[in-house]
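So the chains spell out like this:
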Amino acid sequence: MAPKTNAGRFFEDYAVGDVITHAVPRTIKMGERALYHALYPARHALHSSDKFAQDCGLPFSPLDDLITFHTVFGKTVPDVSLNAVANLGYAEGRWHTSLWPGDTVTATSEVIGIKQNSNGKSGVVWVRTEGQNQHDELLLSYVRWVMVRKRGEGDAPEAVIPELTKVVDPADLIIPKGLDFTGYDYALAGEPHKLSDYAVGEIIDHVDGVTIEEAEHMMATRLWQNTAKVHFDATFRPDGQRLMYGGHVISLARALSFNGLANAQMIVALNGGAHANPCFAGDTVRAWSEVLDTAETSAPGVGAIRLRLVATKGAAGELKGEDGKYLPDVLLDLDYWALMPV
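I will try to describe carefully the structure that is included in this document. (Residues numbered from 1 in each chain as written. Predicted model: local features only at pLDDT ≥ 70, side-chain atom pairs only at ≥ 80, totals over all residues. Heavy atoms only, no water.)

### Let's talk about the nonpolar core
Nonpolar side chains in soluble globular proteins tend to be buried together. In terms of nonpolar packing, the biggest core is built from 59 residues, with Tyr 40, Phe 69, Tyr 90, Trp 224, Ile 305, Leu 334 and Tyr 336 touching the most fellow members. In contact with Tyr 336, not counting residues within four places along its chain, are Arg 254, Ser 257, Ile 267, Ala 269, Leu 270, Asn 271, Ile 305, Arg 306, Leu 307 and Leu 309. Judged by nonpolar contacts, the second largest core, of 22 residues, contains Phe 52, Phe 181, Met 266 and Val 268. (Core = buried A, V, L, I, M, F, W, Y, C linked by side-chain atoms within 4.5 Å. Buried < 20%, exposed > 50% of the residue type's maximum accessible area, 1.4 Å probe, protein only. Contact = heavy atoms within 4.5 Å.)

What follows is the structure, given as structure tokens:
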């Protein structure tokens, strides 16, 4: 009889053009927000208060943008990264529609690239993932690439490396319908700094730090239904350590960035990102940001700010060495667009 269990895909199981429908649909409600805000010190006002959101032209407070990301990402894990060595990077990410309490999320991925590593034991797989709601509206789309173990020692397939844009064009940013920051309440938001107060090249040290605990990381991976073996099974890695889910580090860094970027209210695009070094329980994560660009939008009072968000165990402003490689303390290098009052 055929086996009933799923051992996950290995590198040999991917071919460019494959489209994968991910299980299982998930309805998201306010419980996920409560748990998100318990796991991360998230405080951005638009995702915390219905009244604040309504004063900004929205019907009520949408769920945190990274809840959308984690939910869609978790759906892909059994089909894309169950046998992953590591998740490597992101590109061309865009939030298309806000996630509202009661929405049901589904996800599909298309394989757009493959390349076997020179060691012959693993390879890199590129996928373009889309998350939809129950109305078949696109919630989120992004590309990610992941290093996956090989099943055997077969011949290497022909490499296909996709060409990806480095930055989402500001003209292609999708602004939530009705968003209006002309009556924005800076006192309630937590800081007085608007878009015009930030200069390209400015470095912002977010000051605070959070020590990652094993228990909260395991709660997060279960919450997002991320079943990758490197996060769950301490016997999977030779060093006997469970690797912290990269999205957990993203959310911690984003939450820490509130101190200095409280008015960067909504993430609308993910230009690129790399998990530079592994993160483990006991690490203390700090964050700093660099302003990369600013742009106008068509929404009243709403501008866009492009930010590099770095999660690190080291000092603010330190990223790469003279050899061009990430310093060992750097955990995350994320490039994204956010919406901010002008």
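### Structural notes on the pairing of strand β9 (residues 302–312)
Within β9, 10 of the 11 residues are buried, which leaves it mostly tucked inside the rest of the structure. Here strand β8 (residues 284–296) runs beside β9; their pairing, made up of 10 bridges, is antiparallel. Following the sheet pairing, Ala 295 is matched in β9 by Ala 304. Between β8 and the antiparallel strand that follows it, β9, lie 5 residues; Gly 301 among them carries a positive phi value of about 75 degrees. (Helix = DSSP H or I, 4+ residues; strand = E, 2+ residues; numbered from the N terminus. Pairing = 2+ DSSP bridges.)

### Thoughts on the sheet that holds strand β7 (residues 266–275)
Taken in spatial order, the 10 strands make up an open sheet running β1-β3-β4-β5-β2-β7-β10-β9-β8-β6, and their pairing is antiparallel. Of all strands in the sheet, those bounded by a partner on one side alone are β1 (19–27) and β6 (203–211). Direction aside, the axes of adjacent strands within the sheet are offset by 25 degrees on average. Pairing geometry for strand β2 (residues 84–95) and β7, over 5 bridges, is antiparallel. Paired with Ala 91 across the strands is Gly 272, a residue of β7. Strands β2, β6, β7, β8, β9 and β10 (330–341) of the sheet are contacted by helix α7 (residues 246–256), whose axis makes an angle of about 50 degrees with β10. (Axes fitted to C-alpha atoms, helices over the stretch in contact; angles between N-to-C directions.)

### Some details on the pairing of β10
Within β10, 12 of the 12 residues are buried, which leaves the element mostly enclosed by the surrounding structure. Of the strand pairs in this sheet, β7 and β10 are connected by 8 bridges, and their pairing is antiparallel. By the bridge assignment for β10, Ile 267 is matched with Ala 338. Examined bridge by bridge, β9 and β10 share 11 bridges and lie antiparallel to one another. Within β10, the position partnered with Arg 306 by the bridge is Trp 337.

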